[in-house]
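# What the coordinates show
Listed here are the chains, written in short residue letters.
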Amino acid sequence: MPDANGRVVCPECHGTITVGNGGINNFRKQHLGSKKCQSQKQKWQRSTTASQQPRLTSFFGRASKAPAVPSTVHAPMIITSAIGRPSDTRLSAASSRTPSNKDGDTSCAPSSKDVAGGSSAMRIGLPTQQNALSLLRHLEDAISRLPKSIAEATHEDPTAGFDIAPPEVLDGSLSPLFGYGATAEAIAALVRRGPMGMSAVCTYTRCFILEYGINGALVEGKISRMIEGVKLADGAEEEDGAPGGGVHDVLLASDDGVRNGAQEAVAQDSEIECLGTGQRLDPSQRSKPSQRSKLCTGLVLTFPDGCSPYSTYPFGLHDAQNLPWDLEIRNSIMTLRARMCTGQGVVSSRCSACNSLQDSTALKGIIYRIENGVPMNSRYAYHGIAGLMEIARHKTDLIDEYRLARLNAACKLVGLEGAIDVQKQILLAVSSKRIARVDRVLHIGFCRGMGLHALLDLVKRAAEGTYHPKSFDEQEEVQMTLIFRLGGGRVAEIVRKIFGMPALSTIRKRLTGSVLQPSPSMPTRAEVEKNIENVFEGIQDVVADASRAGMSHAVLMWDEIAVERRPRWDSKTNKVLGICRDCGKSTSLDFNRMEDLDVLFGELDNRTVHLASEATVGAIGLLSAESRLYSARPILLSGSCKRETAEEHAALLQTTIDSANSQSSLTRARIVSLASDGEARRGKALVQLTFKALLSPSSPIHALLSPLRLMDFHVGDDDITPDKDYKHVAFKRVRNALLREKGISVLGTWLTPSIIRRHLREAGHKPMHIQSIFNPTDKQDVELAFRLLSDIWSLLKSFPAQNAILAQTEDALRVFGAMCYNLVLPYICIDLTLSEQLTHLSSAAHLALALFSYNNTKSHFLPTTLFIDIMLMIKNAKVDLPEQPFYLILLGTDRLETLFGILRTMVGNDTNLDVLQLGLRVTGATDVANILAKHPEWDKAPRRLHLPTLTKDAQPVHGADHISPRAWQANLIPKDVTLATCWKLGRHAMEDKFPAVKDQLHIVDSIEGASILAPFGTLLVRLPTNSGPESDEEDAAAGSSADKSASTVLPHECMSGNGLRELEDAADEIDWNHSHITPPAFSNKVDASGNGILISKARALAQRFKYDKNASSTDRLRHVQQESRYGPVYTAGDGEDAFAGVDGPRVMVTDPIATLVRCDGHLFLCIGEINSIWFHSRPQDEVPVALLHETAVQVSYQALSLLPTSTEDDVSSKHDWRSSHLLPITLTAPGILIQPINPKLVSNSLRPPYFLFDSSTLVTLASSLHDRVSEAHRRSVPSVKGDERFPYRESSGKACFIVEGRHQAHESAALTLCCPHCTPEVDFTSMSGQRVLEHIRSHILHDPAVD
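Now for a look at the structure at hand.

Cut-off values and rules
- Residues numbered from 1 in each chain as written.
- Predicted model: local features only at pLDDT ≥ 70, side-chain atom pairs only at ≥ 80, totals over all residues.
- Heavy atoms only, no water.
- Core = buried A, V, L, I, M, F, W, Y, C linked by side-chain atoms within 4.5 Å.
- Buried < 20%, exposed > 50% of the residue type's maximum accessible area, 1.4 Å probe, protein only.
- Helix = DSSP H or I, 4+ residues; strand = E, 2+ residues; numbered from the N terminus.
- Contact = heavy atoms within 4.5 Å.
- Salt bridge = Lys/Arg side-chain N within 4 Å of Asp/Glu carboxyl O.
- Pairing = 2+ DSSP bridges.
- Axes fitted to C-alpha atoms, helices over the stretch in contact; angles between N-to-C directions.
- Parallel < 35°, antiparallel > 145°, perpendicular 65-115°, else oblique.
- Nonpolar A, V, L, I, M, F, W, Y, C, P; charged D, E, K, R; others polar.
- Patch = residues over 30% accessible without salt bridge, like charges linked within 9 Å, V, L, I, M, F, W, Y side chains within 5 Å.
- Areas by Shrake-Rupley, 256 points an atom, 1.4 Å probe, with all protein chains shown as cover.
- Left-handed = near helix turned anticlockwise from the far one by under 90°.
- 1 Å grid on protein atoms, 1.4 Å probe; cavity = no way out; pocket = protein on both sides within 12 Å on 5 of 7 lines; lining within 4 Å.
- Points joined across faces, edges and corners; volume = space filled by probe spheres on them.
- Phe/Tyr/Trp six-rings, centres within 6.5 Å; stacked < 30°, edge-to-face > 60°.
- Lys NZ or Arg CZ within 6 Å of the ring centre and 35° of its normal.

## Thoughts on the nonpolar core
If you look at the biggest cluster of nonpolar residues, it comprises 160 residues, and the most contacted ones within it are F731 and F816. Element by element, the count of residues in this core is highest for helix α32 (residues 804–828), at twelve residues. Not counting residues within four places of it along the chain, the set of residues in contact with F731 comprises Y726, V782, A785, F786, L789, V824, I828 and L947. If you look at the next biggest cluster of nonpolar residues, it comprises 50 residues, including F1164, A1192, L1202 and C1296.

Printed below as a string of structure tokens:
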């Protein structure tokens, strides 16, 4: 048989089939034996057979997830009334929709779903099917008494259609004849005797009720009208109380069928609209029943078994609400009568008013609550007497339970509040992973038979460095080399003692790099070639492996770094370093006698010789993806005062080129380009070297480049070309052009900084963000430049069409943004192939060419030098090794900038190296660059040089700190690229997108000799450049800054950096005494005073030089006193116990604690681990628990994550929370807010140790902390910002362990302090005292409303 939802389970395929109101016939006709049934049957048989056979992989399957431990906190209960069976009263968890207690609340009323589909245990009247069958019996009795004068039915009569098998739909057959609107007279005319008459109708209807389970309420109205029609045809008169009176007992049940049947049988009377008004009809208005009419019997309310109307019905609801009925109880039967009752039965022996009570929302709610129970926290008026008695019993039991729970909680606190024991301390120490090779430490302790206390002491001494391993792997040695190079010997020794790393003696054996020799004067080929030998001799095996396929390509790059204006003696050449190379040609730098120094310093005083303010560093950059090779290899160090001409600088560059070419057998590389930043002097020198002639037709790359229209083909010797660094050109200098006060002109539209800022504001950017990217004082920040350019190319349409001016500027911004996008994307998008990179660069070149030449815009678009450098950068993206990957990011001087960043890390950002120190450290910087190239996950790129790594859809690549060849994922093989196609595609893309660009490029095409470097037919590099706005703003600012910092000198008496120089000189003297097997050609000592006393030349030079630039304290008084920048940290004496006289347990660092934390305006319980303890501002390792309430105690801790437990975590299921990991939340609180705890510790070999907690204990801890803390201490409660990790949350996501006091609202108001002058208000509650003072000070200084 179908269930309540009209569904059956197929015995063949075991599927659930919906049959609807048609019943089992639908299932038999449509599903049983069908193709779908047979298919599902076969699937079921296969799955049953497979499930019975165990699989081999089942042995390796995952274990089933352990069930969660149920919460120890219970929700409100449901109260159900019952008579004589109080133990059977239903008590279940309340739903998440808690009813309200306000008047008129209908939340306790059943929903339509509950009333329609709920149980029918609570009904008014008799069961619906029994009543319908009773009506059918009355109908059959009336038919049997029909006189023979009534004709028998024939095939032409309407009732003859029921003498067939019943169809699947009943209502469609009965309604046309006996449905709503059919009168007794019309039915009497249809009455016929015989098997095809009314008897067929009875049999037809009975079959539907019994076989198909049709609800009787659907046919009661029709059967009643048939009885009336039959009796009318028989001529019989109805009498009140006669058999068949049950016809008028309409049922009120909790399903839709009953309600629909009642609506069909009952005509809505206008008097029903008066229900609920609380008024009674005047007796005179009631129609007097005639002798033939029926009396109103009211609405009978039947209760479930075990329930009595006296104890179950909510009598108090009549006082709380104005219900539109009265009630009476006779013989435990409750009858409801409407207050508008007329007394005359109209429908089913009831008047219209009483019958309409079935649709009363209030009555439905009462029935629903009687059947399903009343929530405990509902208003008392909704409960019956039995429910109120049950509430009283439940509250009495709850009070007793709370009394017992309080006693148990107090017992738990006694066991939890205390210092952690020794066993747990050992487990925590071992699991903390703070001890290197802890397994060996424990093994030694076990072999010695140590007890717990001795073993704990051994673990502590191991953490202090007493025990450490003696064997190391390659990664550890590389890490120690990196630390030694960056931090020096002292830092390396500290790291060795802390982490048990290799000793310095082991590391020095791995250091094979030779020291780079600085050039005291103009560099010579011999000096540069010697440096090349020193740099490449340690990597010959790597170079040989990388060049097996043939000669590789390389880039020569130059850049400057600021140095201290300080002369130093070089023990290897007996020359004085630190003099400008241009001046060094006109004086002697040899140091043999003190007279040499007198002459040199006389020339310095006369300004005929200058000290070097910066050093030119030249390096070779191999175009290789090998991480050990693509770092810059310095080969040239030469001091400069930036007074040399372009021709003199070109001679320096040519010397470097000749030296590199002469050592090609050692480097296995061919120089293909000369790279520089935007420095103007070197730019002119590069033009002299690389614009000597046009590319020869015999060149291997001529066939590839010749089809490129508008390309410039000027090259130098061996087809060498100039290159510019992309970070300087495409980012920093383009941004600086935008920051010019006059702005830039794009297709005749001026874009000033103010206009660009407005567009960015309209696009939704915050003012603070706009202010930062337009900061004119920081012109070297690559990240700021990228953010500004990306904001421009990401602009969307933001102005309406009628605003033509702003719409035009927006179009100009889009054009300029397209140029920036195509210029920048090839260097930061790791998903672009080489073809796509070259296509983007072609688009940028053609677009920049059109904008520069548009209506002779020239430098109004971009400074001419910047435009030239952009075109040189794009031109240099050429390749002629078809089989080797070509990495565009290896061009330029970025690798040299990385080397300078490492040097700054070595010596600090607040000081400069002198030339000698630069030579000593630059080789170490190369080692660091090699290590970081091999392990990029260890590196953090400088913020000012950082560029994001993007995908093709402009999404950042997470975890990529900087871009390297290893990060590239696309095809970069040149043989798969057609240069001519890429060049044309880039041009067509811009012409299709911007029609004005297409017209302008056609104009440039018509000019004879035009190219990307000759927009008007004449090479721009041959034209003289102005020194005004056309000069390189970036390098001018950098140079002036460097000169200014270098020219700031201090008297010798104020030098605080002498110690470092003296240490270097002493080390150099030791090396002198032990490194020379044969006597050198010169001595390292000199008679400085003329009395025959010899001192080292380095010391003599330092004494002769009276001025120096050193980094020391920023406080001038401390600077003169030669004090360090940071004062000493005072701690307790070694081995001294500050609490020797205090007995009792102590809380130590790393112990677990409980405390309170303010989050989103509320106090929450927090479990943490102690990081440090201060007593009177001095750090302590431990503190007695008895002193935690002292104001001198401060505790820093890190929050611990708590997660709900499962049965795997706690097999006893007594704890519903466990610790997980430390959260990134570190706070400091006074000791009175700290409660040491001693929770249960679980440790096994499968997972790290963790603590177990139960909710009742945690709630008690929170309450205990809240009660002990005064209002003054609540101000010291630290605050955090809430997220998904804290406050602690249940599995459902609800926050837990909030601390709420009775006067919390008043306390919160008292703790809230706001600024009286700010609108909106500024909350001082979470601010420190210093920040509050700063805020008030700003009002006093800048607020005119404050006197």
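Moving on, there is more to tell.
## A closer look at the pattern of salt bridges
Evaluated as defined, the whole model comprises 34 salt bridges. Residues R814 and D811 are paired through a salt bridge, measuring 3.1 Å at the closest nitrogen-oxygen approach. With R814 and D811 both in helix α32 and three residues apart, this pair spans about one turn of that helix. A relative accessible area of 25% means that R814 is categorised as partly exposed. One continuous salt-bridge network, built from bridges that share partners, spans R581, E644, E679 and R681.

## Considerations on the sheet that holds strand β7 (residues 333–338)
What the three strands build is an open sheet, ordered β5-β7-β6; its pairing is antiparallel. Edge positions in the sheet fall to β5 (299–301) and β6 (325–330), since each of these pairs with one other strand and no more. Sheet twist, expressed as the average angle between the axes of neighbouring strands with direction ignored, equals 30 degrees. Its contacts with the sheet put helix α13 (residues 361–372) on β5, β6 and β7, and the angle it makes with β6 is roughly 40 degrees.

## Describing the packing of helix α37 (residues 979–993) against helix α38 (residues 995–1005)
Helix packing geometry: the angle between the two helix axes and the distance between the axes. Across the interface, α37 lies against α38 with an axial gap of 5 Å and an inter-helix angle of 130 degrees. When the axis of α37 is compared with that of α38, the two are oblique. Of the residues in α38, those touching α37 at R987, M990, E991 and K993 are P995, V997, K998, L1001, H1002 and D1005. Looking at the contact of α37 with α38, its residues break down into four nonpolar, one polar and five charged.

## What about a nonpolar patch on the surface?
On the surface, a cluster of nonpolar side chains totalling about 390 Å² of accessible area is made up of Y380, I385, L388 and M389. Among the secondary structure elements, I385 is positioned in helix α14 (residues 385–416). We classify I385 as partly exposed; its relative accessible area is 45%.

## Looking at the packing of helix α28 (residues 726–738) against helix α31 (residues 782–793)
For the pair α28 and α31, interaxial distance at closest approach is 9 Å and the crossing angle is 70 degrees. Of the possible angle classes, the one that applies to α28 and α31 is roughly perpendicular. Seen from above, α28 lies across α31 with left-handed handedness. Between α28 and α31, the contacting residues are K727, A730, F731, K732, V734, R735 and L738 on the first element and V782, L784, A785, F786, L788, L789 and I792 on the second. Class assignment of the residues belonging to the contact of α28 with α31 gives a composition of eleven nonpolar, no polar and three charged.

## Some points on empty space enclosed by the protein
The tally for this structure, following the rule as stated, stands at twelve cavities of 30 Å³ or more. Here the second largest cavity is characterised by a volume of approximately 240 Å³. Looking at the lining of the second largest cavity, its residues break down into 14 nonpolar, two polar and three charged.

## Quick notes on the sheet that holds strand β14 (residues 633–640)
As summarised here, the arrangement of the five strands in space is β14-β13-β10-β15-β18, forming an open sheet in which the pairing is mixed. In the strand order of this sheet, the two ends are held by β14 and β18 (721–724), each with one partner. Pairs of neighbouring strands in the sheet enclose a mean axial angle of 30 degrees, with direction left out of account. Pairing geometry for strand β13 (residues 614–622) and β14, over seven bridges, is antiparallel. Across the sheet, residue T616 finds its bridge partner in β14, namely S638.

## Looking at the environment of A492
Within the secondary structure, A492 sits in helix α18 (residues 474–499). With a relative accessible area of 0%, A492 lands in the buried category. Counting along the chain gives twelve residues from A492 to M480, while the straight-line C-alpha distance between them is 6.8 Å. In this structure A492 touches M480, I483, F484 and L504, once residues within four positions along its chain are discounted.

## Focus on the pairing of β13
Counting buried positions over the nine residues of β13 gives nine, a clear majority of the element. Alternating positions in β13 separate into two faces, E614, T616, G618, I620 and L622 on one and A615, V617, A619 and G621 on the other, with burial throughout. In the sheet, strand β10 (residues 552–562) pairs with β13 via nine bridges, with the strands oriented antiparallel. The residue of β13 that forms the bridge with A554 is L622.

## Some details on the packing of aromatic side chains
Throughout the structure, instances matching the rule amount to nine aromatic pairs. Ring plane angle 65 degrees and centroid distance 5.1 Å describe the contact between Y313 and F315, whose orientation is recorded as edge-to-face. A relative accessible area of 0% places Y313 in the buried class. F315 gets classed as partly exposed once you look at its relative accessible area, which sits at 32%. Taking the centre distance of 4.0 Å and the plane angle of 10 degrees together, the rings of F852 and F867 count as stacked. Pair noted here: F852 is in helix α33 (residues 834–853) and F867 is in helix α34 (residues 864–875), with a separation of 15 residues, a long-range link. There is no split in this pair, since F852 and F867 are both buried. Members of the aromatic cluster, connected to one another through ring pairs, are F786, W793 and Y821. In this arrangement the basic side chain of R757 is found over the ring face of F774, its NZ or CZ atom lying 5.2 Å from the centre. Here the guanidinium or amino end of R1218 rests over the ring plane of Y1250, the centre of that ring lying 5.3 Å away.

## Examining unusual backbone geometry
Cis geometry marks the peptide bond from F1286 to P1287, where omega comes out at 5 degrees. For D1160, which is not glycine, the phi dihedral falls at a positive 55 degrees. Within the fold, D1160 resides in the loop between β26 (1152–1159) and β27 (1162–1175). Relative accessible area serves as the criterion here: at 61%, D1160 is assigned to the exposed category. The residue S1213 is not glycine, and still its phi comes out positive at about 60 degrees. In this fold, S1213 is placed in the loop between β30 (1193–1204) and β31 (1217–1230).

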